[in-house]
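What follows is the residue order along each chain.
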Amino acid sequence: MNSELVTGGDVVLDVDGLRMRYGTRDVLHDVTFQARRGEVLALLGPNGAGKTTTIEILEGFRSRSAGRVSVLGTDPARSDERWRARVGIVLQSWRDHGKWRVRELLAHFGGYFTRYSTATIRRPMDPDQLVAAVGLTGQADQQIRTLSGGQRRRLDVAVGIVGRPELLFLDEPTVGFDPAARYEFHDLVRRLATDYQTTILLTTHDLEEADRLAHRIVILNGGRIVADGTAGELAHRIAGRDEVRWTFDGQRFTQSTEQSQSTGFVFELFRKHGHAITDLEVRRPSLEDAYLALVRQTELTRATQ
Amino acid sequence: MIANLFWPTTTLVAIFFLRHRQIDGTQLPLGALVLPGVLGMFVALGILLIVQQLTADREDGTLLRAKAIPDGIRGYLIGKLVTVSATVLAYLAILLAGGAPIISSFHLGDISWPTLTWVLLLGLVATQSVGAMLGSLITSSRGAGILSVPILALIAISGIFYPITALPTWLQWLGQTFPIYWLGLGMRSALLPDAVSAVEIDGSWRHLETVAMLGAWATIGLIVAPLLLRRMSRRESGSRVAERRDRTLQRVG
């Protein structure tokens, strides 16, 4: 298709100058970002920042006011069922099909994808394999309404990927997960991205999760993109300096250093004092520091305007 | 299952108590007249079934799920029509099997199967497409509950439990505007001997009018329902489902 030529074949998600207006209120101003094939992109931002609106426009569930949007080479506002078969969606509000059994439901929904199977992408996924991949083998013949919250979300993920999507939308996927379920879920997401080259767009309020999973992070605040980069880049660009802490002669010291100078500083410390330095710690600014700094900063600019 | 059996059973009990009553001024047992009318009424209740399922499926996200899957909405609607039709037919079978032995003058051998077939077919298409229209317009399961009030009122003026000729003329006209009356009439014509038509308006089964009225409702439904359903499913999204869930929780809490 045309847009593929313009953006290069590897760009799966291309949003350019996206605007959304409800009545006289703009909820999205000039949102621009891209995602490449196999990339895990986290969309972060406080409640009301415009994350949901953005995602729903990309999912083809909401029409936009202005801007160019290309998802898998197609404008989602003018998409067809073939495009729908290439996109997977996992939302947090689903409580449907309670009387169905897990494996049965996956086989049923999988059936819808059979006619969209291609030579390179076999659709749908085998239900037993899928059940195993999301760790529900033990619950395969259980009624869906008897699943725990975490199991239910993993089933939603399974339904989301049953058609081997090339692009997967995950809306706050690990809310209510216990740490073990969360760990397994992260593992699953990483496998999808590396083994199947699935592009994943993820929204979350869990910054540690974003840091661990996402190749790139986009932060939305007040309907604008306020940051776009890897977790490390954002942390340094926004929150700035490293912090070096150590104990010498029974006393605790803290020194803030430029990122590029941290190693040199520690080296100097050792050269001067050798083994007398204990409890050494170099703390890089975290994504959380960056996020909080950014949100606070935009609140301030908005307040002064 | 128990909830499904509640209405047909209650109806059968009512028919049981009516089995010896006669229609004023005739030798006809009221029960024999009521049983077919009730079959027609249950076909018409398909409207409520569709509305209830559509609203419930929007609340729990079933419809959104269908939308997220290729050809999902089409599959969803076909599935709905099949299950609701099957439910209605099961009701009819229970009522017929349970009701026929109660009423001595009623014979299964008298049934005109061709008439029964076309009344059923037209009736199912008309009521379910009308149900789909209403279901797309009503957004909450609470609204679906409120809808049963006017429908029950319509049943009261549709000559199901007593001949419509006993009503004032203006109510007769109102009743004849809606498909419930015609379903009852069509069912009586299929299940009762021709002589019984004497108690009807014009003393006739009025097959032509029945086809015309049920056909008109079916046509309106088949034209308008897809438009409304498309509009409804287009507006469905994750945040809408979440919004509705929050509203429901607030009401309960």
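It should be emphasised that the depicted structure is a prediction, and the values quoted were computed from it without experimental measurement.

Scoring rules and cut-offs
- Residues numbered from 1 in each chain as written.
- Chains lettered and ligands numbered in written order.
- Predicted model: local features only at pLDDT ≥ 70, side-chain atom pairs only at ≥ 80, totals over all residues.
- Heavy atoms only, no water.
- Contact = heavy atoms within 4.5 Å.
- Buried area = accessible area lost by both parts, 1.4 Å probe.
- Salt bridge = Lys/Arg side-chain N within 4 Å of Asp/Glu carboxyl O.
- Polar contact = N/O pair within 3.5 Å; in protein donor to acceptor, adjacent residues only side chain to side chain.
- Helix = DSSP H or I, 4+ residues; strand = E, 2+ residues; numbered from the N terminus.
- Nonpolar A, V, L, I, M, F, W, Y, C, P; charged D, E, K, R; others polar.
- Patch = residues over 30% accessible without salt bridge, like charges linked within 9 Å, V, L, I, M, F, W, Y side chains within 5 Å.
- Areas by Shrake-Rupley, 256 points an atom, 1.4 Å probe, with all protein chains shown as cover.
- Buried < 20%, exposed > 50% of the residue type's maximum accessible area, 1.4 Å probe, protein only.
- Domains from an automatic or database assignment.
- Pairing = 2+ DSSP bridges.

1. With respect to the interface of chain A and chain B
Then step 1. Contacts between the two partners involve 23 residues from chain A, matched on the other side by 22 residues from chain B.
Then step 2. Carbon and sulfur atoms supply 56% of the area buried between chain A and chain B, which totals about 2,000 Å² over both sides.
Then step 3. Area buried by chain A at its contact with chain B is led by Phe61, Arg95 and Tyr112 of chain A, which between them contribute 30% of it.
Then step 4. Summed over the shared surface of chain A and chain B, the result is three salt bridges.
Then step 5. The partner of Arg65 of chain B in a salt bridge is Asp96 of chain A, and the shortest N-O contact between them spans 2.9 Å.
Then step 6. For the pair chain A and chain B, the number of links is 14 residue pairs in polar contact (both at pLDDT 80 or more).
Then step 7. Of all the elements in the fold, those that place two or more residues in the side of chain A that touches chain B are helix H2 (51-58), helix H3 (81-84) and helix H6 (149-161) of chain A.
Then step 8. In terms of residue count, the dominant contributor to the side of chain A that touches chain B is H6 of chain A (three residues).
Then step 9. The class makeup of the residues in the side of chain A that touches chain B is 10 nonpolar, four polar and nine charged.

2. So, a nonpolar patch on the surface
Residues and elements named next belong to chain B.
Then step 1. A contiguous nonpolar surface patch, about 320 Å² in accessible area, is contributed by Val13, Phe16 and Phe17.
Then step 2. Within the element layout of this structure, Phe16 appears in helix H1 (residues 2-17).
Then step 3. We classify Phe16 as partly exposed; its relative accessible area is 37%.

3. A closer look at the domain arrangement of chain A
Residue and element names in this part refer to chain A.
Then step 1. You can read the domains of chain A as domain 1 (36-60 + 80-234) and domain 2 (240-304).
Then step 2. With both chains or domains summed, domain 1 and domain 2 bury close to 930 Å², and 75% of this area falls on carbon and sulfur atoms.
Then step 3. At the surface where domain 1 touches domain 2, the tally comes to zero salt bridges.
Then step 4. Counting across the domain 1 and domain 2 interface gives zero residue pairs in polar contact (both at pLDDT 80 or more).

4. What about the pairing of strand S8 (residues 216-221) of chain A?
Residue and element names in this part refer to chain A.
Then step 1. Of all the six residues making up S8, six are buried; the element is thus mostly covered by neighbouring parts of the structure.
Then step 2. Going residue by residue along S8, you find Arg216, Val218 and Leu220 tucked away on one face and Ile217, Ile219 and Asn221 tucked away on the opposite face as well.
Then step 3. Where strand S3 (residues 40-44) meets S8, four bridges bridge the pair, whose relative direction is parallel. When the bridges of S8 are listed, Leu44 appears paired with Ile219.
Then step 4. Bridging between S8 and strand S9 (residues 224-229) involves five bridges; their strand directions are antiparallel. Among the inter-strand pairings, Asn221 is bridged to a residue of S9, identified as Arg224.
Then step 5. The hairpin turn running from S8 into S9, its antiparallel successor, is two residues long, and Gly222 in that turn takes a positive phi close to 55°.

5. Side note on unusual backbone geometry
Residues and elements named next belong to chain A.
Then step 1. Note that the residue after Arg123, namely Pro124, is joined by a cis bond; omega there is -5°.
Then step 2. Here the phi dihedral of Glu172 falls at roughly 40°; this positive angle occurs in a residue that is not glycine.
Then step 3. Of note, Glu172 is situated in the loop between strand S6 (167-171) and helix H7 (179-195).
Then step 4. For Glu172, a relative accessible area of 15% corresponds to the buried category.
Then step 5. The backbone phi angle of Asp249 is positive, close to 60°, even though this residue is not glycine.
Then step 6. Along the chain, Asp249 turns up in the loop between strand S10 (242-248) and strand S11 (251-257).

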